[in-house]
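Fold and geometry: a report
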Amino acid sequence: MKPHLPLGIGALLIIGIGAFVFMQNNDIPAPAPLPDTSTLPAESGAQTTDSTGSAAIPPSTEAGQPTPSSPSPSSAPTPSGITASEVATHASRESCWSTINGNVYDLTSWIPKHPGGEGAILGICGKDGSGKFNGKHGNDAKKVALLSGFKIGVAAK
Amino acid sequence: MPLQTIGYHILRFGIAAMFLWFGFSQLFNGIEWVSWVPEWAVNMLSLPPAMIVLLNGALEVVLGSLLALGLFVRPAALLLGIHLLIITVEIGATAIGVRDFGLTCATFALALLAPAKEKKNTVVS
């Protein structure tokens, strides 16, 4: 092998992957407007402390607003909360809602970013993901805090 | 070129690409990695988790670049192997942990396969 060939390939690899990751992280679609929270139950502290008692840290900004990327709810949540049937209509990669510990989360934007793979999130779209989440991250305050950034409402009783 | 040499280069470029991707990802989008920083690391280093992510990303980019360029492959792979071993132990026996265990073994294998004394781009046989 010519002496400079592996060096060249290595340099290309570094530049290529650097550019690829940079573009990946800067190719974020504009977030969809948040659901009309005026129809949600009064939860003035919902974004600072949820029912799990964790501080809300939105996943993408930590200090900003949560950024659900799926379309706004087709029908506004009722004052008593988001029903299971409403959650079940968002069971796809394009719109993924899940009920976890009594709260409803829009996890659409998190699907491609979940470090544990897309399958784990896709598996709880449209249904109650409490068991899976608690089994995996229930004791991890940071993961719980991360999750709270995706909250869009509470589940109907 | 002997097959062992080709295999070595594939291993080296593959491992390098992996560490470069994760390293750059932590540098460009560190906030998504903050939740993975273990408590003991924060306590031990007395640094904010976001800073630890950036430092970790920089380390992986630097060492990954050395692998990609074929420079100091043995020490770089050894350091990355130890680094990945700590992560693997931290994650535990989950799907991710088992996958990382395989990658740890591959990284240590690369350290063993690399020539002890680097001749310019001369490897293995």
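Predicted model, so just to flag it, every value in this text is computed and none were measured.

What counts and how
- Residues numbered from 1 in each chain as written.
- Chains lettered and ligands numbered in written order.
- Predicted model: local features only at pLDDT ≥ 70, side-chain atom pairs only at ≥ 80, totals over all residues.
- Heavy atoms only, no water.
- Contact = heavy atoms within 4.5 Å.
- Buried area = accessible area lost by both parts, 1.4 Å probe.
- Salt bridge = Lys/Arg side-chain N within 4 Å of Asp/Glu carboxyl O.
- Polar contact = N/O pair within 3.5 Å; in protein donor to acceptor, adjacent residues only side chain to side chain.
- Helix = DSSP H or I, 4+ residues; strand = E, 2+ residues; numbered from the N terminus.
- Pairing = 2+ DSSP bridges.
- Axes fitted to C-alpha atoms, helices over the stretch in contact; angles between N-to-C directions.
- pLDDT = per-residue confidence, 0-100.
- Buried < 20%, exposed > 50% of the residue type's maximum accessible area, 1.4 Å probe, protein only.

Listed as interface residues are 28 residues of chain B and, on the opposing side, 29 residues of chain A. Roughly 2,500 Å² is buried in total at the junction of chain B and chain A, and carbon and sulfur atoms are behind 70% of that figure. Contact with chain A buries surface across chain B, with B:Ile31, B:Glu32 and B:Ser35 losing the most and accounting together for 23% of the total. At the surface where chain B touches chain A, the tally comes to 0 salt bridges. In this structure, the connection of chain B to chain A is made through 1 residue pair in polar contact (both at pLDDT 80 or more). Going through the elements one at a time, helix H1 (3-28), helix H2 (39-45) and helix H3 (49-69) of chain B are the ones with two or more residues in the side of chain B that touches chain A. Of all the elements, H1(B) adds the most residues to the side of chain B that touches chain A, at 10 residues.

On to the sheet that holds strand E1 (residues 97-100) of chain A. All names here are of chain A. One open sheet accounts for 3 strands, arranged E1-E2-E3; its pairing is antiparallel. The open sheet has two edge strands, E1 and strand E3 (151-154), and neither has a second partner. Each neighbouring strand pair of the sheet contributes to a mean axis angle of 30 degrees, computed without reference to strand direction. Across 3 bridges, the pairing between strand E2 (residues 103-106) and E3 is antiparallel. The residue of E3 that forms the bridge with Asn103 is Val154.

Reading fine detail from the predicted coordinates is not recommended where pLDDT is low. Residue and element names in this part refer to chain B. Taken residue by residue, chain B gives an average pLDDT of 88. The fraction at 70 or more is 93%. Throughout residues 121-125 the model reports pLDDT below 50, and contacts reaching past four residues in sequence, or to other chains, amount to 16 contacts. For this predicted complex, the interface confidence score (ipTM) comes to 0.76, while the overall pTM stands at 0.55.

Here the focus is the side chain of A:His114. Residue and element names in this part refer to chain A. Relative to the elements of secondary structure, His114 occurs in the loop between E2 and helix H3 (118-122). In this structure the side chain of His114 is engaged in a polar contact, spanning 2.8 Å, whose partner is the backbone oxygen of Gly117. If sequence neighbours within four positions are ignored, His114 has contacts with Ala120, Ile121 and His137.

Attention now goes to the pattern of salt bridges. All names here are of chain A. Applying the stated criterion across every chain, the model contains 2 salt bridges over all chains. For Arg93, the salt bridge identified is with Glu118, shortest N-O distance 2.9 Å. Pair noted here: Arg93 is in the loop between helix H2 (84-88) and E1 and Glu118 is in helix H3, with a separation of 25 residues, a long-range link. Using a relative accessible area of 41% as the deciding quantity, one classes Arg93 as partly exposed.

Looking along a regular strand, one sees side chains alternate from face to face of the sheet. Residue and element names in this part refer to chain A. What you see with E1 is no split at all: Trp97 and Thr99 on one side and Ser98 and Ile100 on the other are buried throughout. The pairing of E1 with E2 spans 4 bridges and is antiparallel. Considered in E2, the bridge of Ser98 is made with Tyr105. Two successive antiparallel strands, E1 and E2, enclose a turn made up of 2 residues, where Asn101 displays a positive phi of approximately 50 degrees.

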